[in-house]
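For reference, the chains in residue letters:
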Amino acid sequence: MAASPNSATRSHSSSPATADGLFDEPTDPNRCSHIAAVLADPSEGAALLKKFRGVVSWKAQRSHEALHAAKRRKIASPTCGTCGLTTPRPFVCLECPYSGCWQDEHVLDHLRDEGHRFCVDAQLGIVYCRECQDMIYEPALESAVQRATLAFEERESRFRDEKRPRESYQPWTRTDKDDAALANTTPLPCHGQRGLLNLGQTCFLNATLQALLANPLLRSYFLGDRHNPRWCRVRAGCACCALDHLFAAVHAPPPRAPFGPTELLAAAWRAGGGALAGYAQQDAHECLITLLNAAHTSSRGSTLLKCNCIVHSTFGGMLQSDVRCPRCGGVSETVDPCLDVSLGLGPGKNTLASCLKKFTQSEDLAVKDWACQKCGKVSQEANKRLSIKRLPPVLSFQFKRFEQRGTETVKIDTPVRIPATISMGPYTTAALEAGGAYPGPEAMYAYELFAVINHEGQIDNGHYTSFARYDDTWCRFDDDKVTPATLAGVLGATAPVYMAFYAKRRLDYKPHTTPSYVLTRETEAVRERERAERAARQAQAREKEVEDELLATV
Amino acid sequence: MPSATLSEQDSLFHQLQRRMVESGEWDRLVLQLRYQLNDAGWLDSQRVQTLEQAHTMEQPSFRELLDGTRTRAHGVPEAVRQQIMTSMRAFIDKQIES
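Small disclaimer: the values here were computed from a predicted structure and weren't measured.

**Things to note about the overall build of chain B**
Inference 1: Across its full length, chain B carries five helices and zero strands.
Inference 2: Taken from the N to the C terminus, the helices and strands of chain B come in the order α-α-α-α-α.
Inference 3: Dimensions of chain B, computed from the C-alpha atoms along their principal axes, are close to 50 × 35 × 25 Å.
Inference 4: In chain B, which comprises 98 residues, the share counted as buried stands at 30%.
Inference 5: Residue pairs at least 24 apart in sequence account for 62% of intrachain contacts in chain B once pairs closer than 6 positions are excluded.
Inference 6: Accessible surface computed for chain B: about 6,600 Å², of which carbon and sulfur atoms make up 58%.
Inference 7: Computed over 11 positive and 14 negative side-chain charges, the separation of the two mean positions in chain B equals 3 Å.

What follows is the structure in structure tokens.
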């Protein structure tokens, strides 16, 4: 396999400042040399990092308190060291206790007057260097911000159904074993784009696959060899093996001619029970759900309840439906698992937030003569409210564009504006029950757009295309044609958005529990052992009987 | 005297601002503003324009980008402005009363 172009110049830095930056270039021209020099010094560097972490933690604590504090309890209001006024956005000097405002350049005056070199924006954790006269990029500080904020969030969030707190994030530290394993390998880039051949009206499949390829959790799973086709127990037709082949094909060394996803097309046909078969245009959403279910079924260790296969770990959320009885006021809750959220479009301006608001609004129950379980009375005006009980790491939204009107299906072309980021807090069950205030740090609800599926044209002669990004680089995918795109192009695309995929900005890990299939395996093993012991004891007892009888005859 | 009135106004403004920050109302308003500007597409539009500016720069500099953003960031949607002003007025009224 071809080596990546930069592999020759990579050296393994072992300084503590970049311990978890495996591929950091020590001579990166974008790095600020001034702060690098300070961090390289053991005592100065340690002091700076300590102060820096302190500021970041302070800010995390304060932000959290501001939204969750008990009433009448004062939040800290930092003041500028120069003008004495409240600065809602303080810039803190990293070499002394001073903090001040940016707007009137008070903090810059301080740096100049005292000969101090660095100050940090408490809000974002970005550092300004007086000598560079600019905000700087320093990997050690980036990771320090992430770690300090994450540590705080972990302490502050409690899962609702488990009493134990979140699993703490452990960064990977290289061991000698790792070094040995990596010694004779060549690093390859873990991003790649490849066009997909249209196999006969299969743009619906291609658009869906590009969205799956851009999914960071799926990519990590398959590129991390978590489903190796050589060890797969499912015989021919395993959807996971087909996905593994797709990921390998897309990340293969260039040149990358368009790839024909025949395995996955076959898997979709098979799993769809005939619904997706044939060469007519199909629905991308139906295709996505079919493929996800097929992948779930062919995943090792997948279960029907609380499954932790890659599909459910990535897309699995829970929707809660609260039906309120108008007679007794009792609410009956039903919780259902879901892999995506389907949103209806309304009149007027549609945005993702407006569709979600409609989705979680209280509405009259369609079923007439609904019987309340609590008071037993039948009523016509029960009302129902949906909310999201559990947010999955990847949220897929589908806009209901295909509507049945009588005998025919029509397409609704109403444009929808989707944002690049969204906070899902207001639509969660916890928030709606608490009347708006939601538990947990704000960051846990932040999602970022990474893929979009567009559909232009009508039902029978329409065309699916998609946009997807790796880091900040967007591409447009039109079957085998891959072209560069920009965020502006994605958000302003004329072809109506059909589906949008968002990834959680921060992953949270629930407390570790042994997977159910491992537990059954262990209990089976224990039972086997006991059975064997009993059999052995019985055999021994019988032998003894025979011996006794023989002795008696003597 | 004009200068005395100005400093009275200033001092009142600063007092109110401090109270707003201390009560957490400032953070709540900022969050509300962020939601609404995001929903209106304003945040994304700023993001996109600033990215475009950054791409034209040989060596992106924070000061220049901030200046660029300041020039562009007028035209906050009227509906959003009204809502936030209403929330602020409600807070201030409560403060003046007590």
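**A look at the overall build of chain A**
Inference 1: Across its full length, chain A carries 15 helices and 23 strands.
Inference 2: By its C-alpha atoms, chain A is 105 × 85 × 65 Å across when sized along the principal axes.
Inference 3: Buried residues in chain A amount to 44% of all 554 residues.
Inference 4: Mean positive and mean negative side-chain charge positions of chain A (66 and 64 charges, respectively) differ by 5 Å.

**Brief notes about the sheet that holds strand β3 (residues 118-121) of chain A**
All names here are of chain A.
Inference 1: With antiparallel pairing, five strands are arranged side by side in an open sheet as β2-β1-β3-β4-β5. The open sheet terminates on both sides in strands that have one partner only, identified here as β2 (99-100) and β5 (134-135).
Inference 2: Relative to β2, strand β1 (residues 91-93) runs antiparallel, the two sharing two bridges. Paired with V92 across the two strands is S99, which belongs to β2.

**Notes on the pairing of strand β14 (residues 394-399) of chain A**
All names here are of chain A.
Inference 1: Along β14, six of the six residues are buried, which leaves the element largely enclosed by surrounding structure.
Inference 2: Side chains V394, S396 and Q398 of β14 all project onto a buried face; the interleaved residues L395, F397 and F399 project onto the opposite face, where all are buried too.
Inference 3: As paired elements, β14 and strand β23 (residues 497-504) share five bridges and run antiparallel to each other. Directly across from V394, in β23, lies its bridge partner A503.

**Observations concerning the packing of aromatic side chains**
All names here are of chain A.
Inference 1: According to the stated counting rule, one finds nine aromatic pairs over all chains in the structure shown.
Inference 2: Between the aromatic rings of W102 and Y128, the centroid separation amounts to 5.4 Å while the plane-to-plane angle is 75 degrees, which identifies the pairing as edge-to-face. Here Y128 lies in strand β4 (residues 126-129) and W102 lies in the loop between β2 and α3 (106-114), a separation of 26 residues in the sequence. Residues W102 and Y128 agree in their burial class; the two are buried.
Inference 3: Arranged with centres 5.8 Å apart and planes meeting at 70 degrees, the rings of F397 and Y502 form a pair that is edge-to-face. Of the two residues, F397 sits in strand β14 while Y502 sits in strand β23, which places them 105 residues apart along the sequence.

**Overview of the interface of chain B and chain A**
Inference 1: If you look at the interface, chain B gives 27 residues, while chain A gives 35 residues.
Inference 2: For the pair chain B and chain A, the two sides together bury roughly 2,500 Å², of which 54% comes from carbon and sulfur.
Inference 3: At the surface where chain B touches chain A, the tally comes to 11 residue pairs in polar contact (both at pLDDT 80 or more).
Inference 4: Take the side of chain B that touches chain A: its biggest share by element is eight residues, from helix α2 (residues 25-39) of chain B.
Inference 5: When its residues are assigned to classes, the side of chain B that touches chain A shows nine nonpolar, seven polar and 11 charged.

**Topic: the side chain of B:D27**
Inference 1: Here B:D27 is to be found in helix α2.
Inference 2: The class for B:D27 is buried, based on a relative accessible area of 19%.
Inference 3: Not counting the four nearest positions on each side in its chain, B:D27 is found in contact with A:R62, A:A66 and A:L67.

How each quantity is defined
- Residues numbered from 1 in each chain as written.
- Chains lettered and ligands numbered in written order.
- Predicted model: local features only at pLDDT ≥ 70, side-chain atom pairs only at ≥ 80, totals over all residues.
- Heavy atoms only, no water.
- Helix = DSSP H or I, 4+ residues; strand = E, 2+ residues; numbered from the N terminus.
- Buried < 20%, exposed > 50% of the residue type's maximum accessible area, 1.4 Å probe, protein only.
- Contact = heavy atoms within 4.5 Å.
- Areas by Shrake-Rupley, 256 points an atom, 1.4 Å probe, with all protein chains shown as cover.
- Lys, Arg positive; Asp, Glu negative; His and termini not counted.
- Charge placed at Lys NZ, Arg CZ, Asp CG, Glu CD.
- Pairing = 2+ DSSP bridges.
- Phe/Tyr/Trp six-rings, centres within 6.5 Å; stacked < 30°, edge-to-face > 60°.
- Buried area = accessible area lost by both parts, 1.4 Å probe.
- Polar contact = N/O pair within 3.5 Å; in protein donor to acceptor, adjacent residues only side chain to side chain.
- Nonpolar A, V, L, I, M, F, W, Y, C, P; charged D, E, K, R; others polar.

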